[in-house]
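Structure at a glance
The chain contents come next:
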Amino acid sequence: MLSYRHAFHAGNHADVIKHAVQALILEALCVKDKGYSYIDTHSGAGGYALDHEWTQKKAEYLGGIAPLWQQRRKWPQLAGYFAAIEAMNPGDALDFYPGSPKVAEHFQRPQDSLTLMELHHNEVDLLRQNMGPEAAIHHRNGFEGLPALLPPTPKRGLVLIDPPYELKDDYQTVATTLAKAHKRWPIGIYAIWYPLLAKNVDRSGALKEALANCGFEQVLCAELSVSAQADDFGMYGSGMIVLNPPWKLDEQLSELLPRLKDTLAQDKAADWKLEWLKKSDS
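Residues numbered from 1 in each chain as written. Predicted model: local features only at pLDDT ≥ 70, side-chain atom pairs only at ≥ 80, totals over all residues. Heavy atoms only, no water.

Observations regarding the pairing of strand E1 (residues 37–40)
Definition in use: Each residue is assigned to one of three classes by its accessible area relative to the maximum for its type, calculated with a 1.4 Å probe on protein chains only: buried under 20%, partly exposed between the two thresholds, exposed over 50%. A run of DSSP states H or I qualifies as a helix once it reaches four residues; a run of E qualifies as a strand once it reaches two. Both are numbered from the N-terminal end. Pairing between two strands requires that DSSP report at least two bridges joining them.
Every second residue of E1 is oriented toward a common face, with Ser37 and Ile39 on one face and Tyr38 and Asp40 on the other, all of them buried. Here E1 runs beside strand E4 (residues 113–117); their pairing, made up of four bridges, is parallel. Residue pairing across strands places aspartate 40 opposite leucine 116, the latter belonging to E4. The pairing of E1 with strand E6 (residues 157–161) spans four bridges and is classified as parallel. What sits directly across from aspartate 40, in E6, is leucine 160.

This is the structure:
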């Protein structure tokens, strides 16, 4: 249950879509001077050294952030995302990669609040080392902690839910947690990451259906696959489901996803998808 360490996967294609969407939402929240709340249910270590032996074991960032970093000036729509990475890399070299807490920290203003949860005892120690004093860090299960912390102050904001899905029950737990969250804080923005896996273990379809029916009126889904779906093993892509997405996020992603697909494709089966799972006219 507590074996997952994100350092093995830091900066991969899944991180790119996850943190790109996160940055776009935070940019939208920063348009107004009014403060917002950011809550992260599965924070991990916060940031990662790309020369660490764990990160180097698979070096997944070479198929994720690395090719984008080399051409970052050509991606103005991701300026905020790259600025968060540049904050950890003062030179031109890509030595460190921010997890979602460090991305959020980059956007945080004095009027905003930052609440981070992490259950793994080693990861939470690293999280405390990597984050500044403004972050409220909780050593707890994010699924249990989220409903307990809602509604937050300030009353507008973003929740990022990014579990490892090591347990198949995590998919149902995500949906159950969000149904509880809707009752306590229906106006919040919720961004949920999920993997696209081999055919015999993929549960993304059931997750999308559950989240489309957990009470929210606007449910946007973005997916990026970098290779063909295998029959028995492996993650070939991932997705982000955004509940209560900010205005024009769908338009931003419709421009971004095709370029990410072309840049990160590992074979000709690479693809992208953007769809409304639920959309109210109100």
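That was the structure; now back to the text.
Here's the deal with the sheet that holds strand E8 (residues 218–225)
The condition that has to hold: In this description, a line fitted to the C-alpha atoms serves as the axis of each element, helices being fitted only across the stretch in contact, and the angle between N-to-C directions of two axes falls anywhere from 0 to 180 degrees. Contacts are assigned to residue pairs that have any heavy atoms within 4.5 Å of one another.
The strand order across the open sheet formed by eight strands is E5-E4-E1-E6-E7-E9-E8-E10, and the pairing between neighbours is mixed. Here the strands that pair on one side only, and so sit at the sheet edges, are strand E5 (135–138) and strand E10 (271–279). Within the sheet, the average angular offset between the axes of one strand and its neighbour, ignoring direction, is 15°. Both strand E7 (residues 189–197) and strand E9 (residues 235–243) contribute to a ladder of eight bridges, which runs antiparallel. Looking at the pairing, tyrosine 194 lines up with glycine 239 of E9. Across the sheet, helix H1 (residues 13–30) is in contact with E1, E6, E7, E8 and E9; its angle to E9 comes to roughly 20°. Contacts between helix H8 (residues 169–184) and the sheet are confined to E6, E7 and E9, with E7 contributing the most and set at about 170° to the helix.

Topic: the UniProt feature "binding site: S-adenosyl-L-methionine" (unreviewed entry) in the protein chain
Worth spelling out the cut-off: UniProt positions are given in the numbering used here, feature names are shortened, and annotations may be inferred rather than shown by experiment.
As recorded in UniProt, the feature "binding site: S-adenosyl-L-methionine" (unreviewed entry) lies at His19, His42, Ser100, Glu118, Asn141, Gly142 and Asp162. Mapped onto the fold, histidine 42 is located in the loop between E1 and strand E2 (47–49). Excluding residues within four positions of it along the chain, histidine 42 makes contact with Met117, Glu118, Phe143, Asp162, Pro163 and Pro164. Considering the arrangement of structural elements, one finds serine 100 in helix H5 (residues 100–107). Not counting residues up to four positions away in its chain, the partners in contact with serine 100 are His19, Gln22, Tyr38, Asp40 and Leu160.

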